[in-house]
Amino acid sequence: MKNLKGKMSGFIAVKEDITEKKNYEQELRRLGSFPEDNPNVVVEMDLESGVTYMNPTCQKRFPEIKEKYRNHPLFKKIPALIPLFLKGEIEKIEDEISVDDKIFERIIKFVPHGKIIRVYAVDITHHKEVEKELLITTQKAEEANRLKSEFLTNMSHEIRTPMNVIMGFTDILLMDESNPERKEHLEVIQRAGENLLNLINKILDFSKIEAGVFDVANEVFSLHQALENIRDIFQDKSKKAGVTFRMEIPDSLPTGVRGDEHRLNQMLLNLVGNAFKFTKQGSVSLKCRYENGTAAIMVTDTGIGIPKDKLDSIFSPFMQVDASTTRIYGGTGLGLSITKRLAELMGGTISVKSKEGAGSSFTLTLPLPEASGVQFDTSSPRPEKTISEGTTIVEKWFATGRDIFNTTEYTRICISNLPDKISRLKDAVFDQNREDIHFIVHDLKGSTGNLGMNEIFEIASEINDLVIKEPLDMPRIRPLSHRIEEIVSSIPASYFTFKTPDFRQSHENETDFKILVAEDNDLNQRLMVNLIERVNLGTDLASNGKEALEMLGRTKYDLLFLDMQMPVMDGMETISKIRTDENLRDLHVIALTGHTMKGAADRYIKAGCNDYLAKPIDRHKFFDRINTLVAKKLKQEMGKKISAKGKGHESADHMNGGFQLTAGQVERIEAVVSGLKTNMRIFKPDEVKILADSLSKFSNETGIPHIREQLYSAVKSFDDQVLMPVISRLEALIHEQTESGSKKQDTDS
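Reading guide: rules and limits
- Residues numbered from 1 in each chain as written.
- Predicted model: local features only at pLDDT ≥ 70, side-chain atom pairs only at ≥ 80, totals over all residues.
- Heavy atoms only, no water.
- Helix = DSSP H or I, 4+ residues; strand = E, 2+ residues; numbered from the N terminus.
- Buried < 20%, exposed > 50% of the residue type's maximum accessible area, 1.4 Å probe, protein only.
- Contact = heavy atoms within 4.5 Å.
- Areas by Shrake-Rupley, 256 points an atom, 1.4 Å probe, with all protein chains shown as cover.
- Phe/Tyr/Trp six-rings, centres within 6.5 Å; stacked < 30°, edge-to-face > 60°.
- Axes fitted to C-alpha atoms, helices over the stretch in contact; angles between N-to-C directions.
- Parallel < 35°, antiparallel > 145°, perpendicular 65-115°, else oblique.
- Left-handed = near helix turned anticlockwise from the far one by under 90°.
- Nonpolar A, V, L, I, M, F, W, Y, C, P; charged D, E, K, R; others polar.
- Core = buried A, V, L, I, M, F, W, Y, C linked by side-chain atoms within 4.5 Å.
- Pairing = 2+ DSSP bridges.
- Polar contact = N/O pair within 3.5 Å; in protein donor to acceptor, adjacent residues only side chain to side chain.

## Comments concerning the overall build of the chain
And then number 1: From N to C terminus, the chain includes 23 helices and 17 strands.
And then number 2: Expressed as a percentage of the 749 residues in the chain, the buried residues total 45%.
And then number 3: Taking as baseline every contact in the chain between residues at least 6 positions apart, the subset at least 24 positions apart corresponds to 67%.
And then number 4: Of the roughly 39700 Å² of accessible surface on the chain, 50% is carried by carbon and sulfur atoms.

Right, here's the structure in full:
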């Protein structure tokens, strides 16, 4: 230290603790020993002096880095990060950079002691190329699946289009045929068509699984009831085949499980169906075990068995044990393959043990977790009613029918139709098809209720109430449908031989209801025209959406049947244009589709269609759709007429005396009564509306307009229970007028 004269006068000692600095230098030396052999780039830079360290890998790959470090890609963005590092806002960042066509994963880390920035860089170019290839492969696979799905959709449509024609015209011929031999031939064609459709469905199912577009549900259901359904389905087959069918269902099964009940049914139908197919004598058994959320279902038979060298191949698609098996027993060899795929989709397995000539045993193992907090009716089904009980029920129905109509004809008609309706109901319940169940039970409810057949009517009404609610309560619907089956199965076969009269529907001259069919297939066009002619309505045809739009622009139509797959302009584009046209927004459009892919029908509804019909077309549904719309239009037309007359012309609520009907008017009322009685067999809203319309010619003082309004209301609400009291009132009126006329004649004489 110097004084004012510049001479040394003393010393000042400054002590600095450099422990941290020494520790840091030691840490740098320690870290430096690792990067020397590191195959990745390690480089450090001082905030003031630049690059202070490069490991050998860095020196080899980037020898120019010391001179150009500020502009080198390895240090890109670092200058902007330095203020953030110094403020302590960030400690490190990770990103990717490109250097000389190579891609590096970079880590930038700030070391506060010494204010050093360390950069690590790993060459990931190869990994990125692999990722890119994987992405391209994935995209190609997704595109392939999309194309497969599209192909399946188109194939489904193309196959079902000719099937629609074959089965549709067969159905029409059966409606008209009275010759027993020709009728039998047509029934053979019909059964063959149904078998072919079943085969097509199997192939499409297999293709959908292969394409990865097959969805599996995860819903709560009763495993006990699902197994009971299989028992019910194969009981009759067991009796006819002379093969014993046994089932073992443990009481320990949980009340409810979670999984896909429909797919489980499909698998069990394949396994049990095969067991019966290959077992000519002996037995078939089904045993179920449940433990720790897993169900093991074993299907065993005493049939022909499988050779040891064929066991590994039976689950392969289109494989049978040998060609002779195919010739003798038939089949595509797809059933077991689909079953195996479904089991795997549900997270399960299937295995087989077999010995040639000594039967086979298939074990299906599926994870079906227990569902808590649910209740299902797992009680045993009621015992079948005896023939004597069935006879008693039928005789009671006949007695009721005589009380209502003074005849048993309508009761006989209803009974003769029961087996077909119950068969269709059984299929609909098994498939969990809400629309079909609703359609069939509504039909059953109307016909049996009007005839006082309460044993069936009450059950059908209960199912009808359940099927319109959300969610679809199949555990309650199934046992109810079984009860109807039991009642019908107890009826002696002789009651089913009554020939049903041909009640032709007629809309002719009652309304100018116009129908347009947009369909490119000429055979399907002919089928649609033929069906529509059955209800005495005319139709126009368009071969594609473009033609349909042109015709809709020239003529006002009430209904458009729109095929969704056509050339020039398909159904989706057509419905889109219809719903954006101010003049066509109210047009009722029913999509015609052969597509079976999940969500196809929903897609058409969302696009703007009011309804849809799947090919092959069910004529019952087809006629029902038309009848409903015709009745609706008639209701609107008659409503306008009534409104035009004014409220002052409304009739009284009861029949008034003091009036006299002419013989012609009595005859007209008798015709209405006869028509309404015909509708007791099956409620046809359009015919009821026509009958109601014919009553509009009567004087208001008779009270008949009130009956007419009741019938209009019945049509609107589909309340077929209105018909019975209306018939009674009209018959009483006829009787009253007849007696009055007789007394008048006596007085005159």
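Back to the text.
## Description of the packing of aromatic side chains
And then number 1: Under the criterion given, the structure shown has six aromatic pairs.
And then number 2: Among the aromatic residues, ring-to-ring pairing joins F234, F245 and F276 into one connected group.

## As for the packing of helix 13 (residues 454–467) against helix 14 (residues 474–489)
And then number 1: Their axes nearest at 10 Å, the elements helix 13 and helix 14 cross at an angle of 160°. If you check the angle between helix 13 and helix 14, you find them roughly antiparallel. In this structure, helix 13 crosses over helix 14, and the sense of that crossing is left-handed. The segment helix 13 lies against helix 14, with E455, I456, I459, A460, E462, I463, L466 and V467 engaging R476, I477, L480, S481, R483, I484, I487 and V488.
And then number 2: Taken together, the residues that form the contact of helix 13 with helix 14 break down as 11 nonpolar, one polar and four charged.

## Focus: the packing of helix 6 (residues 223–241) against helix 7 (residues 261–277)
And then number 1: It is the contact of helix 6 with helix 7, at a shortest axis distance of 10 Å, that shows an interaxial angle of 30°. Classified by the angle their axes make, helix 6 and helix 7 are roughly parallel. Helix 6 and helix 7 meet at a crossing whose hand is right-handed. Of helix 7, the residues touching helix 6 (which contributes L223, A226, L227, N229, I230, I233, F234, K237 and S238) are E261, L264, N265, L268, L269, V272, G273 and F276.
And then number 2: Looking at side-chain class alone, the contact of helix 6 with helix 7 contains 11 nonpolar, four polar and two charged residues.

## A few points about the nonpolar core
Soluble globular proteins tend to pack their nonpolar side chains together in the buried interior.
And then number 1: Counting 41 residues, the largest nonpolar core has L223, L227, L264, V272, F362, L364 and L368 as the members making the most contacts within it.
And then number 2: The set of elements that each furnish at least two residues to this core consists of helix 6, strand 7 (244–248), helix 7, strand 9 (283–291), strand 10 (294–301), helix 9 (335–345), strand 11 (349–354) and strand 12 (360–367).
And then number 3: Broken down by element, the residue count for this core peaks at seven residues, all from helix 7.
And then number 4: If near-sequence neighbours (up to four positions away) are discounted, L223 is found in contact with L253, V257, L264, C288, Y290, A295 and L368.
And then number 5: Of all hydrophobic cores here, the second largest spans 32 residues; its members include V394, V441, L451 and M453.

## Digging into the pairing of strand 12
Regular strands place side chains that alternate from one sheet face to the opposite one.
And then number 1: Bridging between strand 10 and strand 12 involves eight bridges; their strand directions are antiparallel. Directly across from M298, in strand 12, lies its bridge partner T363.
And then number 2: Across six bridges, strand 11 lies against strand 12 in antiparallel orientation. Each residue of the ladder has a partner; that of T349, found in strand 12, is T365.
And then number 3: Linking strand 11 to strand 12, which pair antiparallel, is a turn of five residues; within it G357 sits at a positive phi near 85°.

## Considerations on the sheet that holds strand 1 (residues 41–46)
And then number 1: Read across the sheet, five strands follow the order 2-1-5-4-3 without closing on themselves; strand pairing throughout is antiparallel. The open sheet has two edge strands, strand 2 (50–54) and strand 3 (92–99), and neither has a second partner. Between one strand axis and the next, the sheet turns by 25° as a mean value, whatever way the strands run.
And then number 2: Where strand 1 lies against strand 5 (residues 116–123), six bridges are found, and the strand directions are antiparallel. In the sheet register, D46 faces strand 5, and the bridge partner there is I116.

## What about the sheet that holds strand 10?
Either a parallel or an antiparallel arrangement is found when strands of a sheet pair, and the pairing is made through backbone hydrogen bonds.
And then number 1: As summarised here, the arrangement of the five strands in space is 7-9-10-12-11, forming an open sheet in which the pairing is mixed. The strands lining the two open edges of the sheet, one partner per strand, are strand 7 and strand 11. Looking at each pair of strands side by side, their axes are set apart by 10° on average, direction ignored.
And then number 2: Of the strand pairs in this sheet, strand 7 and strand 9 are connected by five bridges, and their pairing is parallel. Opposite M247, over in strand 9, you have L286 as the bridge partner.
And then number 3: This element, helix 6, spans strand 7, strand 9 and strand 10 of the sheet and lies at about 170° to strand 7.
And then number 4: Lying over the sheet, helix 7 contacts strand 7, strand 9, strand 10, strand 11 and strand 12, oriented at roughly 175° with respect to strand 12.

## Some remarks on the side chain of Q525
And then number 1: With respect to the secondary-structure elements, Q525 resides in helix 15 (residues 522–533).
And then number 2: Its relative accessible area of 12% is what places Q525 among the buried residues.
And then number 3: Setting aside anything within four residues of it in sequence, one finds Q525 in contact with E519, D520, L541, A542 and S543.

## Description of the side chain of T170
And then number 1: Inspection of the secondary structure assignment puts T170 in helix 4 (residues 125–176).
And then number 2: Of note is the side chain of T170, whose polar atom sits 2.6 Å from the backbone oxygen of I166.
And then number 3: Non-local contacts of T170, meaning those with residues more than four positions away in its chain, are made with L186, I189 and Q190.

## Let's talk about unusual backbone geometry
And then number 1: In this model, K77 sits at a positive phi of 80°, which is unusual for a non-glycine residue.
And then number 2: Structurally, the position occupied by K77 is in the loop between helix 2 (56–61) and helix 3 (78–86).
And then number 3: We note that D100 has phi near 50°; this positive angle belongs to a residue other than glycine.
And then number 4: Mapped onto the elements of the fold, D100 is located in the loop between strand 3 and strand 4 (102–111).

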